[in-house]
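# Chain and residue survey
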Amino acid sequence: MNKIDEFTPGISAKVALARAVGSLSSRLGYGGTTLPGRIIRFFDGDISQRLISRISQGCILVSATNGKTTTSSIIDSILKENGAQVARNREGANLAAGVATALLKNASSGGRPAADIGLFEVDEAVFPELASQLDPRAVLLINLFRDQLDRYGELEHIAEMWRAAVQRLGRAVLIINADDPLVAGMAKLRPEASLCFGIEDAAAGGLVMQHASDSKYCTVCGHSFEYEVFFMGHLGKYHCPNCGNRRPSPAVSAENVRLDGMRGSSFDLVTPRWRQTIRISLPGLYNVYNALGAAACGYSLDVAPEQIKSGLERFSAAFGRVERLRIGGKTVCLLLVKNPAGFNEVVRTLLIEPGRKNLLLALNDRIADGRDISWIWDVDLEALGDKKVSATCTGTRAAEMAMRLKYAGLDASRLRVRPDLSAALKVAMAHTRDGETLYVLPTYTAMLAIRRIIHKHFQPEDEMADLVWR
Amino acid sequence: MKLRIAHLYPELMNIYADRGNIIVLVNRCRWRGIDVRVDEFGPGKSPAWDDYDFFYLGGGQDREQKLVARDLAAKGAGLAEAVEQGAALLAICGGYQLLGQYYRTGAGETMEGVGLFKAYTVAGQRRLIGNVVARSSLDGNNLELAGFENHSGKTFLTAGGQPLGRIIFGFGNNAEDGTEGIIYKSAVGTYLHGPLLPKNPELADFLISRSLSRRYGQEAVLAPLDDNLEEAAHQAAVKKTRR
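Keep in mind that this is a model prediction, so the values were computed, not measured. Numbers given for residues are sequential positions, taken from 1 along each chain in its written order. As a convention, the first chain written is A and the first ligand written is 1, with the rest following in written order. The model is predicted, so local features are restricted to residues of pLDDT at least 70 and side-chain atom pairs to those at 80 or more, both for listing and for counting; the totals for chains, interfaces and linings are taken over all residues. Side-chain descriptors were evaluated using all non-hydrogen atoms of the structure, hydrogens and water having been removed beforehand.

This part takes up helix H4 (residues 68–81) of chain A. All names here are of chain A. The way it works is that DSSP assigns letters per residue, a run of H or I at least four long becomes a helix, a run of E at least two long becomes a strand, and they are numbered from the N terminus. To estimate the expected span of a helix, subtract one from its residue number and multiply by 1.5 Å. When the terminal C-alpha atoms of H4 are compared, their 20 Å separation across 14 residues agrees well with the 20 Å that a helix rising 1.5 Å per residue should span. A simple rule labels every residue: compare its accessible area, found with a 1.4 Å probe on the protein chains alone, to the largest value its type can have, and call it buried under 20%, exposed over 50%, or partly exposed in between. Within H4, 12 of the 14 residues are buried, which leaves it mostly tucked inside the rest of the structure. Within H4 the residues assigned to the buried category are Lys68, Thr69, Thr70, Thr71, Ser72, Ser73, Ile74, Ile75, Asp76, Ser77, Ile78 and Leu79. Here a residue-residue contact requires only that any non-hydrogen atoms of the pair lie within 4.5 Å. For H4, the elements touching its buried residues are strand S1 (59–63), strand S2 (86–88), strand S3 (117–121), strand S4 (138–141), helix H10 (285–300) and helix H11 (305–314). Gly83 sits one or two positions beyond H4 and adopts a positive phi of about 85°.

Structure follows, in structure tokens:
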């Protein structure tokens, strides 16, 4: 029987209604990233499963605390090099409704998908539900860090939910970060269908753990892990001296990592079948992990090595994760910060840059940012304390951000507090000299607002959506 | 002048950036020319109790809390005695719970506490999460404490237990009786994360001053600091509870 016949009569009407509402909602300026999905899920809760079942190559799910949007963008770029038509959720719309919306947008009004493959970044808390509904062909789990605990409960709980979800996976290949002990152990739950990736270059890490480290204890027996090297947060080369639990040896790895600050990084991408040198235009070791996860995903789907390389090298920066704009004689860089691990990596990357650092730090405490802002005290901002830094703080909790910098050693004369985002951006731009860069470090909702403000008032010379790092 | 801080279980008990409290204590001492040092004590390591004027415990997740409860059995008596002798102490959330009489988990398991605070804790049905404002009085000075709470344990004070404050907004000890935290001599237990001390500098200074009094045997007078940013951060936190 043809699969299309399995659809209930009336599917076309539901799809058409949901799509119409979506396009109206975007035209009215409300965005259309989740509303159509919410509507059709109201009429038809299983819609995503049924649309997925009609996509010839099934779907890929990507989850992580840090890096899911960037990594999905890189995978998208790799799949496109391979000539695939990809159905993908956008712009952090990573709950069930966002996935349903992406599938709807991709389908004809009769419910026939245009795509060959689905690619969905999913929120850590909804990953288990979507993994069991969508029967993905590949699942990429990149890392778990402390993030917005007021929303999700504690880290261990999410790791527990992920383990249960991994045990229930059907046909999927599980692609796992070997360097994160919180997720690496999951590879053992399906040894016949998993692929680990990790960094194999001790020089890329350090011997001291950052303060914001989340998992220091063996996930099997609870004894303290011993680390040979820390790459970021609790990611590194670890083993348990008590029970022998250790980092799995990664099949896909990065060797000879070279970090060139904001300009990007290069590394040797090594797989069991080939190796090649990769140059990515995104800064920091965290983006090496994103690239590596995406490459491992491409490798597991049998994408040719040259397509993986060009996919990695050509993609543009994902939505606001890293953006660079030229405004007058100045450059503005947007670097999203949303938790200590990510913020630490941004600081580490900025420190490689020479000269004075002009910062605009935007700290909001809305639900999407996490209402609990205590995490900024876990960031190792002391590293900026004795450097030449000029900082403007903004957002709903601007004063707390400024106070954090004061206690990190920044002199009060180099600190400005302007809770209003527009006013703060103007002040920060005025304090940035011609030829210099203003680094904007916003939390999620502050980033969305700042992008709107920049577009409205500053007329950037680049089109934000298609920026490529140079 | 010098001040010695013992930070207990810094790795196990730092779930909501509670080390921010230590950053604040250290800097507020340094800015005043007080020679301050922090020593860290994990499981199996006990401080020489008389050498320290201030003891600090942050909050932790269930698993870490269990490890700490086991180890505290060996440290409890020394810690309680130091507090009796006038040492200052600050315990946040999970640390606060472990210094009470006991903690009974949802599974009915009972973790023995140190018994330093006249309080006990039972697991609650839901997590109590959000911004908190409480009114307190320290050495006769009225002050408003602001912070963020995130706990499922409900703490009840027993006879003679004096709350640190009264809840203006939020849940506090148990979401039932309007109390928040506990104070006994110079020891403070509280559910307030945020971290607590950065935006409540009066409490930070109260604890510093009590620690110095213990070491030098007379009341310490602290030089004033410019707290404009601290005050603005405090007001921003309080504002979150008024809409």
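So much for the structure itself; the text now carries on.
Residues and elements named next belong to chain A. Taken over all residues, the pLDDT of chain A has a mean of 86, while the share at 70 or more is 89%. Scored below 50 in pLDDT, residues 1–7 shows 9 contacts in the model against residues more than four places distant or in partner chains. Considering only residues more than four positions removed or in separate chains, one finds that residues 463–470, a stretch of pLDDT under 50, has 27 contacts. pLDDT runs from 0 to 100 and stands for how confident the predictor is about each residue.

The subject of this paragraph is the pattern of salt bridges. Residue and element names in this part refer to chain A. Every case where a carboxyl oxygen of Asp or Glu lies within 4 Å of a side-chain nitrogen of Lys or Arg is listed as a salt bridge. Enumeration over the complete set of coordinates arrives at 38 salt bridges over all chains. Put simply, Glu160 and Arg163 hold a salt bridge, and the shortest N to O gap is 3.1 Å. Of this pair, Glu160 and Arg163 both sit in helix H8 (residues 155–167), separated by 3 residues, roughly a single helical turn. Residue classification places Glu160 among the partly exposed positions, given a relative accessible area of 44%.

Note on soluble globular proteins: their nonpolar side chains tend to be buried together. Membership of the largest hydrophobic core comes to 153 residues, with the highest contact counts inside it found for A:Ile60, A:Ile199, A:Phe267, A:Leu269, A:Phe343 and B:Leu89. For each domain, the first and last residues come from an automatic or database assignment. Both of domain 1 (52–314) and domain 2 (322–466) of chain A provide at least three residues apiece to this core. In this structure A:Ile60 touches A:Ile75, A:Leu79, A:Ile117, A:Gly118, A:Leu119, A:Phe120, A:Ala138, A:Cys297 and A:Leu301, once residues within four positions along its chain are discounted. Residues belong to a common nonpolar core when they are buried Ala, Val, Leu, Ile, Met, Phe, Trp, Tyr or Cys residues joined through side-chain atoms within 4.5 Å. By size, the runner-up hydrophobic cluster in this structure holds 43 residues, among which are A:Ile40, A:Leu51, A:Val166 and A:Leu182.

Residues and elements named next belong to chain A. Domains assigned within chain A are domain 1 (52–314) and domain 2 (322–466). Contacts between the two partners involve 27 residues from domain 1, matched on the other side by 27 residues from domain 2. For the pairing of domain 1 and domain 2, the buried interface totals around 2100 Å² over both sides, and the portion due to carbon and sulfur atoms is 51%. The interface formed by domain 1 and domain 2 contains 1 salt bridge. Salt-bridge contacts for Glu353 lead to Arg263; the nearest nitrogen and oxygen are separated by 3.6 Å. The definition of a polar contact used here is a pair of N or O atoms within 3.5 Å, where within protein one atom must be able to donate a hydrogen and the other to accept one, and adjacent residues in sequence count solely through side-chain atom pairs. Taken together, domain 1 and domain 2 are joined by 4 residue pairs in polar contact (both at pLDDT 80 or more). Counting only elements with at least two residues in the side of domain 1 that touches domain 2, the list comes to helix H7 (149–152), strand S7 (226–232) and H10. A total of 3 residues in the side of domain 1 that touches domain 2 trace back to one element, the largest contributor, which is H10. Each residue is assigned to one class: nonpolar for Ala, Val, Leu, Ile, Met, Phe, Trp, Tyr, Cys and Pro, charged for Asp, Glu, Lys and Arg, and polar for all the others, Gly among them. Along the lines of polarity and charge, the residues of the side of domain 1 that touches domain 2 split into 10 nonpolar, 9 polar and 8 charged. Buried area: the accessible area, evaluated with a 1.4 Å probe, that two parts lose upon being put together, summed over both parts.

This paragraph deals with the pairing of S3(A). All names here are of chain A. In terms of burial, S3 is largely enclosed, as 5 of its 5 residues are buried. Residues Ile117, Leu119 and Glu121 point to one face of S3 and Gly118 and Phe120 to the other, with burial holding for every one of them. For two strands to pair, DSSP has to find at least two bridges joining them. As defined by bridge partners, S1 adjoins S3 across 4 bridges and the pair is classed as parallel. Across the sheet, Val62 pairs through a bridge with Glu121, a residue of S3. Taken together, the 3 bridges between S2 and S3 define a ladder with parallel strand orientation. Counted as the bridge partner of Arg88 is Leu119 from S3.

Quick look at the sheet that holds S1(A) now. All names here are of chain A. Taken in spatial order, the 9 strands of this open sheet run S2-S3-S1-S4-S5-S6-S9-S10-S11, and their pairing is mixed. Edge strands, defined here as strands with exactly one partner in the open sheet, are S2 and strand S11 (275–280). Pairwise comparison of adjacent strand axes, ignoring direction, gives a mean angle of 20° for this sheet. Sheet analysis places strand S6 (residues 194–199) next to strand S9 (residues 252–259), joined by 3 bridges and oriented parallel. Each bridged residue has a counterpart across the sheet, and for Phe197 the counterpart in S9 is Val252. Where helices are involved, their axes are fitted lines through C-alpha atoms of the stretch in contact, as for all axes, and angles between N-to-C directions lie from 0 to 180°.

Patch membership requires over 30% relative accessible area and the absence of a salt bridge. Like charges are linked within 9 Å, and nonpolar side chains (Val, Leu, Ile, Met, Phe, Trp, Tyr) within 5 Å. Under the convention used here, a 1.4 Å probe and the Shrake-Rupley method define accessible areas, while residue burial counts only the protein chains that appear. There is a patch of nonpolar side chains on the surface, built from A:Leu17, A:Phe42 and A:Phe43 and spanning about 350 Å² of accessible area. Relative to the helices and strands, A:Phe43 is located in helix H2 (residues 35–43).

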